Amino acid sequence: MMKAIRIHANGGPEVLRWEDHTVPPPGPGEVRIRHTAIAVNYSDVNVRRGGFYIANPLQFPVVIGNEAAGIVESVGPGVTTVRPGDRIAYVGSGGPFYENTGAYAEQRNLPASCLIRLPAGVSDRQAAAMMLKGLTASMIVNRIHRPKPGETILIHAAASGVGLILTQWAKHLGATVIGTVGSAEKARVVAAHGCDHPILYRETDFVAAVKRLTGAGVHAVFDGVGKDTFIPSLDCVRPFGMLVNYGNASGHVPPLDLLLLAKKGSLSVSRPAVSSFQADEAACQAACDELFDLVARGIIKVELGRTYRLEDAATAHRDLEARQGAGSMVLIP
Ligand SMILES: NC(=O)c1ccc[n+]([C@@H]2O[C@H](COP(=O)([O-])OP(=O)(O)OC[C@H]3O[C@@H](n4cnc5c(N)ncnc54)[C@H](OP(=O)(O)O)[C@@H]3O)[C@@H](O)[C@H]2O)c1
């Protein structure tokens, strides 16, 4: 018997319950993992609330969460890729990100094929804080728009888990970074991580501020906020520039009239999902290797300020939804 955070119905943070939970021995091809650090992602909030991406009704009770780091406790028949005692991390379990959840638990079983070995230079907490967020940033920077010296990039919610990694990466690649943030404290954090021009977008018109800073507009926008920022961002981009919407923290982006892209200066729009990126195992391993190297060398620093006990997951969700704090959020069993 062990403990897990389970939900018996969709709803607010109060539906997250700290309960006894049983996990069977690992089956063929499976591995029993003892979690040491568990990520909190916006998708966990979406699964908890219900009705967001989920096509099939959930079979309650559900242990939410889909990303963690830990130690291999035991392996099922046929597993040769990892051994008890190995340090590993995972993001998702092969299917859609919001299905087959189970990370908010002291232990769980997963197919061995989902596991990524952790190098010595990356701690368990860093891994849990950066796998999904870092792979999302990697997908944007390596597949959609690679910031270059001489370019200016606008990053919305630059203090968010993904935003803070994007900020450091764009800066490392030589771009000038403009970052929108929800508070003066977040402005201080993003500036310390390389953002050249933080904009307090809850009190300042960010379109006017970007125009003032750039004249012609930015080369690309990286937007995880969605509904509140995406359409106004069309006015921040220079001709032939790129808008990447990777998230919906404020809600879905409304349907877009393609002709608007022509009128606004022959713009391009991309809406990537990390699951497509992960579908190619070799590319995903290469992306993890690059991320681990950037973190181990200190080029990307992973903010670990928001750490909670696993049983306090409801507090973590309340803080996430209240937009409190900068960087990634991690639960410790
Ligand atoms: N495409 C993919 O595959 C993929 C992968 C990972 C994450 N995502 C998505 O990307 C988005 C950001 O993820 P994250 O992990 O970086 O999130 P996060 O750390 O929780 O940050 C989200 C930030 O969005 C801002 N925000 C603006 N309006 C908001 C609102 N109405 N409610 C809550 N927050 C609001 C807040 O920053 P300010 O206070 O500074 O405004 C908040 O801190 C999420 O929607 C997530 O689901 C997508």
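Structure shown above.
The present account deals with the structure reproduced in this document. (Residues numbered from 1 in each chain as written. Predicted model: local features only at pLDDT ≥ 70, side-chain atom pairs only at ≥ 80, totals over all residues.)

## Quick word on the packing of helix 2 (residues 124–144) against helix 3 (residues 161–172)
Helix packing for two helices is described by the angle between their axes and how far apart those axes are.
Okay, so step 1: Helix 3 packs onto helix 2 with a crossing angle of 50° between their chain directions and a minimal axis gap of 9 Å. Here helix 3 runs oblique to helix 2, going by the angle between their axes. Viewed along their axes, helix 2 and helix 3 form a crossing whose handedness is right-handed. Every residue of helix 3 that contacts helix 2 at Met130, Lys133, Gly134, Thr136, Ala137, Ile140 and Val141 is listed here: Gly161, Val162, Ile165, Leu166 and Trp169.
Okay, so step 2: Each residue belonging to the contact of helix 2 with helix 3 can be placed in one class, and the counts come to eight nonpolar, three polar and one charged. (Axes fitted to C-alpha atoms, helices over the stretch in contact; angles between N-to-C directions. Helix = DSSP H or I, 4+ residues; strand = E, 2+ residues; numbered from the N terminus. Parallel < 35°, antiparallel > 145°, perpendicular 65-115°, else oblique. Left-handed = near helix turned anticlockwise from the far one by under 90°. Contact = placed C-beta atoms within 7 Å. Nonpolar A, V, L, I, M, F, W, Y, C, P; charged D, E, K, R; others polar.)

## So, helix 3
Okay, so step 1: Under the 1.5 Å per step criterion, the end-to-end length of helix 3 is 17 Å for 12 residues, consistent within 8% with the ideal 16 Å.
Okay, so step 2: Of all 12 residues in helix 3, 10 are buried, a share of seventy percent or more.
Okay, so step 3: One or two residues past the end of helix 3 sits Gly174, with phi positive at roughly 100°. (Expected span 1.5 Å × (residues − 1). Buried ≥ 20, exposed ≤ 12 C-beta atoms within 10 Å, placed from the backbone.)

## Here's the deal with helix 10 (residues 313–321)
Okay, so step 1: Those residues of helix 10 that fall on the buried side of the exposure criterion are Ala313, Ala316, His317 and Leu320. Viewed along the axis of helix 10, the buried residues span an arc of 100°, placing them on a single side of the element.
Okay, so step 2: Structurally, helix 10 contributes buried residues whose contacts are with strand 1 (2–7), strand 3 (30–40), helix 1 (42–49), strand 15 (306–309) and strand 16 (329–332). (Arc of directions from axis to C-beta.)

## Digging into the site of the ligand
Okay, so step 1: Residues in contact with the ligand amount to 28 residues; listed here are only the nearest, Tyr42, Ser160, Gly182, Gly247 and Val274.
Okay, so step 2: Elements represented by at least two residues in the shell around the ligand include exactly helix 1, helix 2 and helix 3.
Okay, so step 3: When its residues are assigned to classes, the shell around the ligand shows 13 nonpolar, 11 polar and four charged.
Okay, so step 4: Among the domains, domain 1 (2–129 + 275–332) and domain 2 (149–271) are the pair contributing at least three residues each to the shell around the ligand. (Near = placed C-beta within 6 Å. Domains from an automatic or database assignment.)

## Structural notes on unusual backbone geometry
Backbone geometry follows two general trends: most residues other than glycine have a negative phi, and most peptide bonds adopt the trans configuration.
Okay, so step 1: The amide bond that connects Phe60 to the next residue, Pro61, takes the cis arrangement and shows omega of -5°.
Okay, so step 2: Looking at where Pro61 falls in the secondary structure, it is placed in the loop between helix 1 and strand 4 (62–63).
Okay, so step 3: A positive phi angle is found at Phe240, which is not glycine, with a value near 70°.
Okay, so step 4: Looking at the element boundaries, Phe240 is found in strand 13 (residues 237–245).
Okay, so step 5: Residue Phe240 is classed as exposed on the basis of its 10 C-beta neighbours within 10 Å.
Okay, so step 6: Phi is positive for Ser266, close to 55°, though the residue is something other than glycine.
Okay, so step 7: Mapping Ser266 onto the fold places it in the loop between helix 7 (258–263) and strand 14 (268–270).

## Describing the pairing of strand 1
Okay, so step 1: Of the strand pairs in this sheet, strand 1 and strand 2 (residues 17–21) are connected by five bridges, and their pairing is antiparallel. Along strand 2, the bridge assignment pairs Lys3 with Asp20.
Okay, so step 2: In the sheet, strand 1 pairs with strand 4 via two bridges, with the strands oriented antiparallel. When the sheet's bridge partners are listed, Arg6 is paired in strand 4 with Val63. (Pairing = 2+ DSSP bridges.)

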